[in-house]
Amino acid sequence: MAANMTFKRIPILLSVLILMLPLTGCWDRREMNELAISLGMGIDRVGKKYVVTVQVVNPSQIAGQKGSGSNESPVRTYTAEGPTVYEAIRKMTIASPRKIYAAHLRVLIFGEGMARQGIGKSIDLLSRDYELRTDFFLLVARGTTAAHALNILTPLERIPANKLYRSIETSEKAWAPVTTVTLDEFVNDIVSKGKNPVISGIRLTGTEDGGSSTDNIKTTRPAIQLENNGLAVFRKDKLVGWLSEMESKGYNYIINNVTSTVGHVSCPNGGNLALEVVRADSKMKGTVKEGRPHLSVELRVEENVGEVECSIDLTKVRSIQELEKRAEERLTRIIRRSLDAGQKKYKSDFFGFGNAVHRSNPGYWKAVQKDWDERFEDAVIDVKVNVKIKRTGTVTNSFMEDKEE
Amino acid sequence: MENNPSLKSGLHENLLALKQRLGESDDLLVREFQSGAGGVRRDMVLLYIDGLAEEKMIQQFILEPLFQTETAAGGKEIVLEQLPGYLKNSVLTAGQVAEVGQQEPAADALINGFAILLVDGCASCLKICMANWEQRTVSEPSNQSVIRGPKEAFTENIRVNTALIRRIIKNPSVILKNQQIGKVTKTNVSIMYVQGIADETALKEVNRRLSEINTDAILESGYIEEFIQDETYTLYPTVQNTERPDVVAAAILEGRIAILIDGTPHVLLVPALFVQFLQSAEDYYQRADISSLLRILRYFGLFIAALVPALYIAVTTFHQEMLPTQLLISLAAQREGVPFPAFIEAMIMEATYEILREAGIRMPRTVGQAVSIVGTLVIGQAAVEAGIISASMIIVVSITAISSYVIPEFDMSIAVRITRFLFMGLAAAFGMFGIFIGLLALLLHLSSLRSFGVPYMAPEGPITFQDQKDVIVRVPHPGLRKRPSMFSKLNPVRQRKSKGKNGS
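Bear in mind the structure is a predicted one, so any value in this text is a computation, not a measurement.

Draft legend 1. Spotlight on a negative patch on the surface. A cluster of acidic residues, B:Glu24, B:Asp26, B:Asp27, B:Asp50 and B:Glu55, forms a negative patch at the surface. For B:Asp50, a relative accessible area of 44% puts it in the partly exposed group.

Set out below in structure tokens:
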């Protein structure tokens, strides 16, 4: 009898179970107009607190119907402070009508002051939270705070965070001194003992204030602009200094991060000649000889003649060979300069030679990894550069040459 | 059967009985006359139904011979018992004449357009086919049109339809078996197949299922379809219907069985598989590469029609991180100020569209324009301008609406449309997760279906590599050497290997 009763209850139980299903539904449902889509985030430190600034897109200003004449700013920034980054972000809801949605984050900017104190702890949330992707770029605001940098409006790309993202992305492909660093790359560098991280810098140019008004983007030449500027060198997670343009260039050549760029050499008879790099390939090696790390960089570059501003006969094989020799010398100089910055100025192996040593000689690496940066200082580094000039463009000699004859 | 009285020998007795069987209907015409055919003048009565039998033919093939034959052949008198046979064999010039001994078949014959000839003193009568009623001529198919290919469609007359098929396959192996289904309507239902290709067990199964139908009326092929289909509780059709004779011809040549029903231009084809509902007759008339691409396009359309609104709801309400940033911003901008959640928005628009579509079919032609103006302007444009519906939702609904019509068979297209609503519900509650669970369930359901013993998802599930040449792509005809293996294994080879271009 009792068994019979249980059987009778099964359909009821089942329907209760099925009816419970919709109860869980929609638990993380969010309509798009309930999101504050933030594309840029900045972290500064004031005293013991983090100051977090978030740049939120105002969608109707970006993609609204054409000719909606209102002069609202395309983005809005919210700032909040708190003892942890997470608290600060949640606290923003007291000012923002929508919850901050950071999955589409494009750039994360650190103020220089904050970067010098160390940024490792502050990015834990960003790598831990499931909402965030790890493919946004990290930047350091050179000589200013992240909050200030995020308040500047930019023309053309109306979302400043997007402008930073795009310009650093394009620049990396066409101009050797620029490099991009995403969150996971940065975290990898911090974790690995054989490479210190590097982050691109941005700088404000022009007048000090007024960048946050839409007036800033109404002129052909905005009073205050954002631009990429140099690389910030870190030792562990603390900023120790900046690389100059030339040193940055050398850095990118060494880590094999040059897609295309333009450089110049001086001609035998005076004047300059611009060479376009169409292909660059470098190999970093680290071996141990007599207990000392012995490092080497091998660089192979293919170049085209891009611009001739001197008198040189490009139809002669000899002059091409001469140019190749000069380009090799110049590239070696650039690389040396960059290596010097690492070995002498900042005493930091931000190139990743340590990892190369680790790969070739794990036993030695185990012994030295703790004080690798000191060993790196007096390591011997060979630099070998091989340049091939392939093409000279649609003309051979400069037309100025013909005129003189 | 109920009592089935034989015809009596008295002429008026029989006449009265038949009149009564037809309830003294006013369209029953009675022509009483005397004829000397057979040597002696006898009283005869000719009965027929006005409008079903052709007046002119009765004059020419029945009355004229009867009136003009005054004596029997050879001057001998024909005995009464042999008279119907004699009339049938030597006097009446009509094509279809038969002797009937009972009342019920005689009455049946009358309402089928036969004329009944009663002879005084005979206990049997003659039924003479005079059927010729008004009918629609063979015209272009209205639902399954093609650009290249025959432009004939079936009509309501089953004889015309069978003739259309026979004109395509001129082979005595095409077998036609007739039966009447429906106790009251007595609808002619024929099955047609090619002997030697059609599978015997499938044939038996079709006959069994047809014979089990016990109903009053068969008015359309849909009645038969619902009686014989394998699974009633499914959205997906397991019986195909077509209005194209060429499709029927191709199907029976593949070993399938056609069921023709009098009174409808739709012919049923069994077994019917999922992939066949995505194939058009034209696939075989166009060049192979073109039709293969078009088929791929159709599969694409199938997925769009079933899933796009659901994916839109899932991505915009659960997985915004999947969208490219620019797209997210512009979608978010469109949603600014829209009062409904995406799901409600989608439901409103999809329901509106379905209402418009249904109205478009049912409304009188004359009001068509008014409805379409209201539909496009008010619902499309005004809803967006008023900020009730986002523009992107209109795009999603439009693309789905159009996509559902690339599916050539209407049954399938409607099934897909209903599935879409299920997916939308799942997407609104569970996001992508829901959609994938739904897809899995749908796949399981489709795989569990059978059509007359053939797995519905064949030849994909279970997979037969040999049959893949005519599923998603169609290989050129010289490559289609074998018939599809899932219908029949009786006579698999369609053609021998062709021997080079110049036929050497």
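Moving on from the model shown.
Draft legend 2. Seen up close, the state of the cysteines. One pass over the full model with this rule turns up one disulfide over all chains. A sulfur-sulfur separation of 1.8 Å characterises the disulfide bridge that pairs A:Cys267 with A:Cys310. Taking the torsion about the sulfur-sulfur bond, which here is approximately -50°, the covalent link between A:Cys267 and A:Cys310 counts as left-handed. Taken together, the positions of A:Cys267 in the loop between strand 10 (261-266) and strand 11 (272-289) and A:Cys310 in the loop between strand 12 (292-308) and helix 10 (317-345) put the pair 43 residues apart, joining distant regions of the chain. The same class applies to A:Cys267 as to A:Cys310, namely buried. The structure places no disulfide on B:Cys125, whose sulfur is separated from the nearest cysteine sulfur, that of B:Cys122, by 9.8 Å. Take B:Cys125: its relative accessible area is 1%, and that puts it in the buried class. In this structure B:Cys129 is not part of a disulfide, and its nearest cysteine sulfur, from B:Cys125, lies 14 Å away.

Draft legend 3. Expanded view of the nonpolar core. By size, the foremost hydrophobic cluster in this structure holds 81 residues, and its most contacted members are A:Ile109, B:Tyr236, B:Phe274 and B:Tyr456. Broken down by element, this core gets its largest block of residues, eleven residues, from helix 14 (residues 410-448) of chain B. Contacts of A:Ile109, omitting those with residues within four sequence positions, involve A:Met41, A:Gly42, A:Ile43, A:Leu139, A:Ala141, A:Ala146, A:Leu150, A:Leu164 and A:Ile202. A:Val258, A:Leu339, A:Phe353 and A:Val357 belong to the second largest nonpolar core, which has 47 residues in total.

Draft legend 4. A look at the interface of chain A and chain B. Chain A puts 28 residues into the contact, and the matching count from chain B is 24 residues. A combined buried area of about 2200 Å² lies between chain A and chain B, and 59% of that area is made up of carbon and sulfur atoms. Of all residues in chain A, the largest losses of buried area upon contact with chain B belong to A:Met32, A:Asn33 and A:His104, amounting jointly to 29% of the total for that side. The tally of links from chain A across to chain B stands at two salt bridges. Mapped onto the side of chain A that touches chain B, the elements with two or more residues apiece are helix 1 (2-24), strand 1 (35-46), helix 2 (59-63) and helix 7 (160-174) of chain A. In terms of residue count, the dominant contributor to the side of chain A that touches chain B is helix 2 of chain A (four residues). A class-by-class count of the residues in the side of chain A that touches chain B yields 13 nonpolar, seven polar and eight charged.

Draft legend 5. Geometry of the packing of helix 9 (residues 288-317) of chain B against helix 14 of chain B. All names here are of chain B. It is the contact of helix 9 with helix 14, at a shortest axis distance of 8 Å, that shows an interaxial angle of 40°. Put simply, helix 9 runs oblique to helix 14. By crossing handedness, the relation of helix 9 to helix 14 is classed as right-handed. Across the interface between the two elements, Leu-302, Ala-305, Ala-306, Leu-307, Pro-309, Ala-310, Leu-311, Ile-313, Ala-314 and Val-315 from helix 9 touch Val-416, Arg-420, Phe-423, Met-424, Ala-427, Ala-428, Gly-431, Met-432, Ile-435 and Leu-439 from helix 14.

Draft legend 6. Broad picture of the environment of B:Gly38. All names here are of chain B. The residue Gly-38 is located in the loop between strand 1 (28-35) and strand 2 (42-49) in this model. On the basis of relative accessibility, which here comes to 0%, the residue Gly-38 falls in the buried class. Through-space distance from the C-alpha of Gly-38 to that of Leu-440 is 78 Å; in sequence the pair is 402 residues apart.

Draft legend 7. Local environment of the sheet that holds strand 5 (residues 125-129) of chain B. All names here are of chain B. Sheet architecture is open: five strands sit in the order 1-2-4-5-3, paired in antiparallel fashion. Pairing within the sheet leaves two strands with one partner each, and these edge strands are strand 1 and strand 3 (97-100). The mean inter-strand angle of the sheet, taken between neighbouring strand axes irrespective of direction, is 25°. Here five bridges tie strand 4 (residues 114-119) to strand 5, and the two strands are oriented antiparallel to one another. For Ala-115, the partnering residue across the bridge sits in strand 5 and is Ile-128. Running over the sheet, helix 4 (residues 103-111) touches strand 1, strand 2, strand 3, strand 4 and strand 5 and is turned about 140° from strand 4.

Draft legend 8. Region of the structure containing a positive patch on the surface. Residue and element names in this part refer to chain A. Among the surface-exposed residues, Arg-279, Lys-283, Arg-300, Lys-388, Lys-390 and Arg-391 lie close enough to one another that they form a single positively charged patch. Per-element accounting of the positive patch gives the leading share, three residues, to strand 13 (residues 380-391). Mapped onto the fold, Lys-390 is located in strand 13.

Draft legend 9. Quick peek at the UniProt feature "transmembrane region" (unreviewed entry) in chain B. All names here are of chain B. As annotated by UniProt and renumbered to match this structure, "transmembrane region" (unreviewed entry) occupies residues 296-318, 377-402 and 422-444. Helix makes up 81% of residues 377-402 and strand 0%. Its end C-alpha atoms lie 18 Å apart. Taken end to end, residues 422-444 is 100% helix and 0% strand, and its first and last C-alpha atoms sit 15 Å apart.

Draft legend 10. Fine view of the sheet that holds strand 7 (residues 187-194) of chain B. Residues and elements named next belong to chain B. Judged by pairing direction, the sheet is antiparallel, and its five strands sit side by side in the order 6-7-9-10-8 without closing on themselves. Both edges of this open sheet fall to strand 6 (174-181) and strand 8 (240-242), since each of them pairs with a single strand only. Strand-to-strand, the axes of this sheet are offset by a mean angle of 25°, without reference to chain direction. Of the pairings in the sheet, the one linking strand 6 to strand 7 comprises eight bridges and is antiparallel in character. Residue pairing in the sheet places Asn-178 in a bridge with Ser-190 of strand 7. Running at roughly 175° to strand 7, helix 6 (residues 200-211) makes contact with strand 6, strand 7, strand 9 (257-261) and strand 10 (267-270) of the sheet. The sheet contacts of helix 7 (residues 221-228) involve strand 6, strand 7, strand 8, strand 9 and strand 10, and relative to strand 9 the element is tilted by about 135°.

Draft legend 11. A look at the packing of aromatic side chains. Summed over the entire model, instances satisfying the criterion amount to 13 aromatic pairs over all chains. Ring geometry for B:Tyr236 and B:Phe274: centres 6.3 Å apart, planes at 45°, overall tilted. Of this pair, B:Tyr236 sits in the loop between helix 7 and strand 8 while B:Phe274 sits in the loop between strand 10 and helix 9, and the two are 38 residues apart along the sequence. The pair formed by B:Tyr236 and B:Phe274 is uniform in burial state, with each residue classed as buried. Connected via pairs of aromatic rings, a cluster forms that spans A:Tyr251, A:Phe350, A:Phe351, A:Phe353, A:Trp365, A:Trp372 and A:Phe376. The ring of B:Phe114 carries B:Lys127 above its face, with NZ or CZ at 4.9 Å from the centroid.

Draft legend 12. How the structure looks around unusual backbone geometry. Residues and elements named next belong to chain B. With an omega of 0°, the peptide bond between Ala-458 and Pro-459 qualifies as cis. Following the sequence through the fold, Pro-459 ends up in the segment after strand 12 (454-455). Going from Gly-461 to Pro-462, the amide bond is cis rather than trans, its omega being 0°. Take Pro-462: it is sitting in the segment after strand 12. With phi around 55°, Glu-24 is a residue other than glycine that occupies positive phi space. When you line up the elements, Glu-24 lands in the loop between helix 1 (11-21) and strand 1. Phi angles above zero are rare outside glycine, and Lys-186 is one such case at about 50°.

Draft legend 13. The domain arrangement of chain A, seen in detail. Residue and element names in this part refer to chain A. Annotation of chain A at the domain level lists domain 1 (32-243) and domain 2 (248-405). Computed over C-alpha atoms only, the centres of domain 1 and domain 2 are separated by 32 Å. Taken together, the contact between domain 1 and domain 2 spans 24 residues of the former and 25 residues of the latter. Roughly 1900 Å² of surface becomes buried between domain 1 and domain 2 when both sides are summed, with 52% attributable to carbon and sulfur atoms.

Draft legend 14. Region of interest: the pattern of salt bridges. Residue and element names in this part refer to chain B. Taken as a whole and assessed by the stated rule, the structure comprises 35 salt bridges over all chains. Its salt-bridge partner being Arg-357, residue Glu-358 comes within 3.7 Å of it at the nearest N-O pair. Residues joined by salt bridges that share partners form a network here, namely Glu-350, Glu-354, Arg-357, Glu-358, Arg-362, Arg-417 and Arg-420.

Draft legend 15. Layout of the pairing of strand 5 (residues 107-111) of chain A. All names here are of chain A. The element strand 5 is extensively covered by neighbouring structure, given that five of its five residues are classed as buried. On strand 5, burial covers both faces: Val-107, Ile-109 and Gly-111 on one face and Leu-108 and Phe-110 on the other are all buried. Pairing analysis gives four bridges linking strand 1 to strand 5, with the strands arranged parallel. Residue Gly-42 lies in a different strand from strand 5, and its bridge partner there is Ile-109. Pairing geometry for strand 5 and strand 6 (residues 137-141), over five bridges, is parallel. Residue Leu-108 lies in a different strand from strand 6, and its bridge partner there is Leu-138.

Cut-offs applied
- Residues numbered from 1 in each chain as written.
- Chains lettered and ligands numbered in written order.
- Predicted model: local features only at pLDDT ≥ 70, side-chain atom pairs only at ≥ 80, totals over all residues.
- Heavy atoms only, no water.
- Patch = residues over 30% accessible without salt bridge, like charges linked within 9 Å, V, L, I, M, F, W, Y side chains within 5 Å.
- Areas by Shrake-Rupley, 256 points an atom, 1.4 Å probe, with all protein chains shown as cover.
- Salt bridge = Lys/Arg side-chain N within 4 Å of Asp/Glu carboxyl O.
- Lys, Arg positive; Asp, Glu negative; His and termini not counted.
- Charge placed at Lys NZ, Arg CZ, Asp CG, Glu CD.
- Buried < 20%, exposed > 50% of the residue type's maximum accessible area, 1.4 Å probe, protein only.
- Disulfide = S-S within 2.5 Å.
- Helix = DSSP H or I, 4+ residues; strand = E, 2+ residues; numbered from the N terminus.
- Core = buried A, V, L, I, M, F, W, Y, C linked by side-chain atoms within 4.5 Å.
- Contact = heavy atoms within 4.5 Å.
- Buried area = accessible area lost by both parts, 1.4 Å probe.
- Nonpolar A, V, L, I, M, F, W, Y, C, P; charged D, E, K, R; others polar.
- Axes fitted to C-alpha atoms, helices over the stretch in contact; angles between N-to-C directions.
- Parallel < 35°, antiparallel > 145°, perpendicular 65-115°, else oblique.
- Left-handed = near helix turned anticlockwise from the far one by under 90°.
- Pairing = 2+ DSSP bridges.
- UniProt positions renumbered as here; feature names shortened; annotations may be inferred.
- Phe/Tyr/Trp six-rings, centres within 6.5 Å; stacked < 30°, edge-to-face > 60°.
- Lys NZ or Arg CZ within 6 Å of the ring centre and 35° of its normal.
- Domains from an automatic or database assignment.

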